[in-house]
Amino acid sequence: VQFVESGGGLVQPGGSLRLSCVASGFTFSRYTMSWFRQAPGKERELVATITSAGGSANYANSVKGRFTISRDNAKKTVYLQMNSLKPEDTAVYYCNAWGNPYNYWGQGTQVTVSS
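Notes on the structure in this doc start here. Just so you know, these numbers come straight off a predicted model, no measurement behind them.

A separate point is the environment of Gly9. Within the secondary structure layout, Gly9 lies in strand E2 (residues 9–11). Gly9 sits 10 residues away from Leu19 along the chain, and the two C-alpha atoms are 9.7 Å apart. The residues contacting Gly9, other than those within four sequence positions of it, are Leu17, Gln110, Val111 and Thr112.

In structure tokens form, the structure reads like this:
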């Protein structure tokens, strides 16, 4: 199982970033995909989740209306479009695949929101 995450970086408040996570080594289309994040000194938290076929998505209250999760099963890729970024969005963002009983994690990509 392997994930290649990209799209992180430094952005000013109010800016946008798009994270991508390309998966391999498992049947991507059968797994619920999620993005988590972990800020320094804080626990890892769920940001957004999308079902295996992409028909349903859920978001943390803190990002609702600003972030959009999507997936392309043909490309084995999950995305996180992040708009109106705030300094409190600064964290390492992790891609996650869950398909009972399996749970896989990406290596993380840093997102820093600062002026």
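Next comes the rest of the description.
This paragraph deals with the pattern of salt bridges. This structure, assessed with the given rule, holds three salt bridges. Across the pair Arg37 and Glu45 runs a salt bridge, and its minimum N-O distance is 2.6 Å. With a relative accessible area of 6%, Arg37 lands in the buried category. By relative accessible area, Glu45 is classed as partly exposed at 35%. The salt bridge involving Asp89 is made with Arg66; its shortest N-O contact spans 2.8 Å. Placement of the pair is Asp89 in the loop between strand E8 (77–82) and strand E9 (91–99) and Arg66 in the loop between strand E6 (57–59) and strand E7 (67–72), with a sequence separation of 23 residues. Within this structure, Arg37, Glu45, Arg66 and Asp89 form a network of salt bridges that share partners.

With that settled, the discussion passes to the environment of Ser115. Note on placement: Ser115 falls in the segment after strand E11 (109–113). Residue classification places Ser115 among the exposed positions, given a relative accessible area of 84%. Separated by 104 residues in the primary sequence, Ser115 and Val11 place their C-alpha atoms 7.6 Å from one another.

For the rest of this paragraph, the subject is the state of the cysteines. Here a disulfide denotes a covalent bond joining the sulfur atom of one cysteine to the sulfur atom of another. Under the definition given, this model contains one disulfide. The disulfide partner of Cys21 is Cys95, and the S-S distance across this bridge is 2.2 Å. Note on the Cys21 and Cys95 pair: the S-S dihedral is about -80 degrees, so by sign convention the disulfide is left-handed. Placement of Cys21 in strand E3 (residues 17–24) and of Cys95 in strand E9 is noted, with a sequence separation of 74 residues between them.

Attention shifts here to unusual backbone geometry. Cis rather than trans, the peptide bond between Asn100 and Pro101 has omega equal to 5 degrees. Relative to the elements of secondary structure, Pro101 occurs in the loop between E9 and strand E10 (102–105). We note that Lys76 has phi near 55 degrees; this positive angle belongs to a residue other than glycine. Residue placement: Lys76 occurs in the loop between E7 and E8. Not every positive phi belongs to a glycine, and Ser84 is a case in point at roughly 50 degrees. With respect to the secondary-structure elements, Ser84 resides in the loop between E8 and E9.

How each quantity is defined
Residues numbered from 1 in each chain as written. Predicted model: local features only at pLDDT ≥ 70, side-chain atom pairs only at ≥ 80, totals over all residues. Heavy atoms only, no water. Helix = DSSP H or I, 4+ residues; strand = E, 2+ residues; numbered from the N terminus. Contact = heavy atoms within 4.5 Å. Salt bridge = Lys/Arg side-chain N within 4 Å of Asp/Glu carboxyl O. Buried < 20%, exposed > 50% of the residue type's maximum accessible area, 1.4 Å probe, protein only. Disulfide = S-S within 2.5 Å.

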